[in-house]
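So you can see what is in the structure, the chains are spelled out below.
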Amino acid sequence: MPRRIGYSLWGLAMALAVMTLLATGFGALRLPVTLLWSNSDEALRQIWLTIRLPRVLLALVIGGSLSLAGCVMQGLFRNPLADPGLLGISSGAACAVALWVVLPITLPALLMLYAPMLAAFLGALAATIVIFLLSQQRESSLSRLLLVGIAINALCGAAVGVLSWVSNDAQLRQLSLWGMGSLGQAQWSTLLAVTSLMIPTVLVIWRLASALNLLQLGEEEAHYLGIDVRLVQRVLLLCSALLVAAAVAVSGVIGFIGLVVPHLMRMWLGSDHRAVIPGSVLAGAFLLLIADTAARTLVAPAEMPVGLLTSILGAPWFLWLIFRRGGQHG
């Protein structure tokens, strides 16, 4: 890896660390980091430890997960427009979680913690398999994949609408807030659950970074270079679905992180996934942390759903990317 890229990644990591410390102090109530070792106000210290810090860390984990999932999808489909939200993977996960919220199912406490993530994983995996099978067809194209994504999004949106209609008031409010994307329900338990799924998944993807590089040459060329193409594709798809599922189950639908960040990292760091993967994780965490901090402070003491802010940022970027690609092809 070139020295310039290494310096860039270290610089990004340091900027993320600084932003993390700053973000713990911003919100409807200003809480300086000195509360951690100060005993002057125990109530504020507990708010910082049990509410503010878990939320900041959850933003890092969710942002990194969504960005990495987008990075893997763009690498597998060899197209910068591939994104878990646009292709319907996030909607599949959202539909499964909505079904879990509405159905009266009781499980042991530990299973209840992971059950929404399992439901989201099954929904995300189902959408991923459909998209992957379509991409293997000879007549497949990006426009067709995006049309399938639109269809999946519409179908899952209708299903969530039906579930919202039959839900009670508490379930309806939960589904509404969750559909817009929010980190307001952050707790140490949910942070632990998401992190316990994210870390091993990131390690698996990192080990397959070189194989993902070879896949950019084409499946046949990668096979001749000793890569088990089908196995690598299946493992990476499962990892992407798991990352999206964990994020959606906890924070709801937060769009465009997986589209914007990996593409920016490729423009900045190049096409080597050994650099793009850690860069995407760090930059995705950084972007969602900034968005969530803004959501907590712009309309304080109220709070704006962070998914709305990421859409405001991502939608113009998506339009620019489409027009840019259209100009290149024209």
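Residues numbered from 1 in each chain as written. Predicted model: local features only at pLDDT ≥ 70, side-chain atom pairs only at ≥ 80, totals over all residues. Heavy atoms only, no water.

S.K.: What is the right way to read the overall build of the chain from this model?
M.R.: Of the regular secondary structure elements, the chain holds 13 helices and zero strands. Reading the chain from its N end, one meets helices and strands in the order α-α-α-α-α-α-α-α-α-α-α-α-α. In terms of overall dimensions, the chain is globule-like: its C-alpha atoms have a radius of gyration of 20 Å, near the 20 Å expected for 330 residues. Burial analysis of the chain (330 residues in total) assigns 51% to the buried set. For the chain, the proportion of contacts with a sequence separation of at least 24, taken over those separated by at least 6, is 77%. Accessible surface computed for the chain: about 15,800 Å², of which carbon and sulfur atoms make up 70%. Charge centroids of the chain, computed over 18 positive and 12 negative side chains, lie 5 Å from each other. (Helix = DSSP H or I, 4+ residues; strand = E, 2+ residues; numbered from the N terminus. Rg over C-alpha atoms; globule rule 2.2 N^0.38 Å. Buried < 20%, exposed > 50% of the residue type's maximum accessible area, 1.4 Å probe, protein only. Contact = heavy atoms within 4.5 Å. Areas by Shrake-Rupley, 256 points an atom, 1.4 Å probe, with all protein chains shown as cover. Lys, Arg positive; Asp, Glu negative; His and termini not counted. Charge placed at Lys NZ, Arg CZ, Asp CG, Glu CD.)

S.K.: I'm lost on the UniProt feature "transmembrane region" (unreviewed entry) in the chain in this one. Help?
M.R.: The residues that UniProt annotates with the feature "transmembrane region" (unreviewed entry) are residues 7–33, 53–73, 85–107, 113–134, 146–166, 186–206, 235–261 and 306–323. Secondary structure over residues 53–73 splits into 100% helix and 0% strand, and the C-alpha atoms at its two ends are 31 Å apart. For residues 186–206, helix accounts for 90% and strand for 0%, while the C-alpha atoms at its two ends are 27 Å apart. (UniProt positions renumbered as here; feature names shortened; annotations may be inferred.)

S.K.: How do you make sense of helix α10 (residues 229–251) when you look at a structure like this?
M.R.: Along an α-helix, residues three or four positions apart point the same way, because every turn accommodates 3.6 residues. Here α10 contains 23 residues, and its C-alpha end-to-end distance of 33 Å stays within 8% of the 33 Å for a straight helix at 1.5 Å per residue. When you tally the buried positions in α10, you get 17 out of 23 residues, the bulk of the element. Positive phi shows up at G252, right after α10, with a value of about 85°. (Expected span 1.5 Å × (residues − 1).)

S.K.: Got a minute to help me understand the pattern of salt bridges in this structure?
M.R.: As a working rule, side chains carrying opposite charge can pair if their charged atoms are close by. For the structure on display, the rule yields four salt bridges. R55 serves as the salt-bridge partner of D292, at 2.8 Å between the closest nitrogen and oxygen. Taken as a pair, D292 in helix α12 (residues 273–297) and R55 in helix α2 (residues 42–77) lie far apart in primary sequence, 237 residues in all. For D292, a relative accessible area of 0% gives the class buried. For R55, a relative accessible area of 8% gives the class buried. When salt bridges with common partners are traced through the structure, they connect R55, D292 and R296 into a single cluster. (Salt bridge = Lys/Arg side-chain N within 4 Å of Asp/Glu carboxyl O.)

S.K.: So what exactly am I meant to see when it comes to empty space enclosed by the protein here?
M.R.: Remark: the empty space left among the atoms is shown by a probe the size of a water molecule rolled over them. Counting across every chain of the model gives one cavity of 30 Å³ or more. By volume, the largest cavity is sized at about 60 Å³. In this structure, the largest cavity is lined by L66, D83, P84, G85, S90, I254, G255, F256, I257 and G258. (1 Å grid on protein atoms, 1.4 Å probe; cavity = no way out; pocket = protein on both sides within 12 Å on 5 of 7 lines; lining within 4 Å. Points joined across faces, edges and corners; volume = space filled by probe spheres on them.)

S.K.: Please clarify how the packing of helix α1 (residues 3–23) against α2 should be interpreted in this entry.
M.R.: Angle between the axes and distance between the axes: these two values describe a pair of packed helices. Taken N-terminus to C-terminus, the directions of α1 and α2 make an angle of 150°; their axes are 10 Å apart at the nearest point. For the pair α1 and α2, the crossing hand works out as right-handed. Between α1 and α2, the contacting residues are L16, T20 and A23 on the first element and R52, V56 and L60 on the second. Tallied by class, the residues present in the contact of α1 with α2 amount to four nonpolar, one polar and one charged. (Axes fitted to C-alpha atoms, helices over the stretch in contact; angles between N-to-C directions. Left-handed = near helix turned anticlockwise from the far one by under 90°. Nonpolar A, V, L, I, M, F, W, Y, C, P; charged D, E, K, R; others polar.)

S.K.: When you look at the layout of surface pockets in this model, what are you seeing that I'm missing?
M.R.: Empty space within the largest pocket amounts to approximately 810 Å³. Along the walls of the largest pocket sit 26 residues, with Q174, W178, Q185, A249 and V250 positioned nearest its centre. A per-element tally of the lining of the largest pocket places helix α6 (residues 169–180) first, with five residues. Counted by class, the lining of the largest pocket contains 16 nonpolar, eight polar and two charged residues.

S.K.: Even after reading the chapter, I still don't get the side chain of R296, so can you show me in this structure?
M.R.: Mapped onto the elements of the fold, R296 is located in helix α12. Judged by its relative accessible area of 6%, R296 is buried. Once residues lying within four places of it in the same chain are set aside, the contact partners of R296 are A23, F26, G27, A28, R52, R55, V56, A302 and E303.

S.K.: Any chance you could explain the side chain of S164 here in plain terms?
M.R.: Positionally, S164 belongs in helix α5 (residues 142–166). S164 gets classed as buried once you look at its relative accessible area, which sits at 19%.

S.K.: Help me understand unusual backbone geometry in this model?
M.R.: Of all residues except glycine, most have a negative phi; of all peptide bonds, most are trans. Non-glycine residue F256 carries a positive phi angle of around 75°. Along the polypeptide, F256 turns up in the loop between α10 and α11 (257–269).

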